[in-house]
Every structure is written in C-alpha cells, then in structure tokens.
Amino acid sequence: MKTRDDGTGYVVSRVADVPSVGARFLPDHSAATFTLLAPRATRVELWVYGSPMDANPVLREVMTIQADQSFASTLAIGNAIYYGFRAWGPN
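What you see is a predicted model, and the numbers here were worked out from it, not measured in a lab.

Asks: Which parts of the structure should I look at to understand the sheet that holds strand β5 (residues 43-49)?
Replies: Hydrogen bonds along the backbone pair up the strands of a sheet, which may run parallel or antiparallel. Strand order across the open sheet formed by 3 strands is β6-β5-β9, with antiparallel pairing between neighbours. At either end of the open sheet lies a strand with only one pairing partner, and these are β6 (59-62) and β9 (82-88). Neighbouring strand axes in the sheet, compared pairwise and without regard to direction, differ in orientation by 20° on average. Direction of pairing for β5 relative to β9: antiparallel, over a ladder of 7 bridges. The partner of Glu-45 across the bridge, within β9, is Arg-86.

Take a look at the structure:
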C-alpha cells in the first residue's frame, strides 16, 4: 500500500490500495476472515457476539497486524454473526 503523511499526522493512501475490510467467509463457510485497516492502531481485538444487542462476546481474538498496516484474523465463528472491533493507539 502506498501511503504518505499529509502533514496532519494522518496517513493517506490511494483507494485502490486499501485491502478488503470487514468479514468474508471462506469458500467452504468453515470460518471467516475479518480485516480492519487501522494504520495508527497498536492493538486491535475482534469481538464476536451471538446476538446484536445487550450480549457479552462469545469470542475475543487479538488480531494480527499485516504488512499493509491492516489487522486480520481468521476463525471459525459457528452461528455467531455479529462482530465489532476494539482498537488501541493514539487518538
């Protein structure tokens, strides 16, 4: 991914260089890959839920940073289809 600092401290990238983000099922639907572009994050956790509201996560996973500054994690999620990301780093 080609990036540059725009002078404000934020990293700017070309849209064509941004990886697919969100959740994608593997072809056999045995697991899903979750991806988040967060170039300033120092840590990202994926939280998976069994219901959309008022629920504790059924799974929490620390995501792995990739060479393109995205974070990714592939895991079997069963029937849980709701998810969220928790990110740490500078504001």
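Asks: Help me understand the pairing of strand β8 (residues 70-75), please; the structure alone is not making it clear to me.
Replies: Look at any regular strand and the pattern is simple: side chains alternate between the two faces of the sheet. Burial within β8 is extensive, with 5 of its 6 residues counted as buried. As judged from the 6 bridges shared by strand β4 (residues 32-37) and β8, these two strands associate in the antiparallel manner. Along β8, the bridge assignment pairs Ala-32 with Leu-75. Where strand β7 (residues 64-65) and β8 come together, 2 bridges link them in antiparallel fashion. Paired with Ile-65 across the two strands is Phe-71, which belongs to β8.

Asks: So what exactly am I meant to see when it comes to the pairing of β5 here?
Replies: Within β5, 6 of the 7 residues are buried, leaving the element largely enclosed by the surrounding structure. With 4 bridges connecting them, β5 and β6 associate as antiparallel partners. Each bridged residue has a counterpart across the sheet, and for Trp-47 the counterpart in β6 is Arg-60.

Parameters and conventions
- Residues numbered from 1 in each chain as written.
- Predicted model: local features only at pLDDT ≥ 70, side-chain atom pairs only at ≥ 80, totals over all residues.
- Heavy atoms only, no water.
- Pairing = 2+ DSSP bridges.
- Helix = DSSP H or I, 4+ residues; strand = E, 2+ residues; numbered from the N terminus.
- Axes fitted to C-alpha atoms, helices over the stretch in contact; angles between N-to-C directions.
- Buried < 20%, exposed > 50% of the residue type's maximum accessible area, 1.4 Å probe, protein only.

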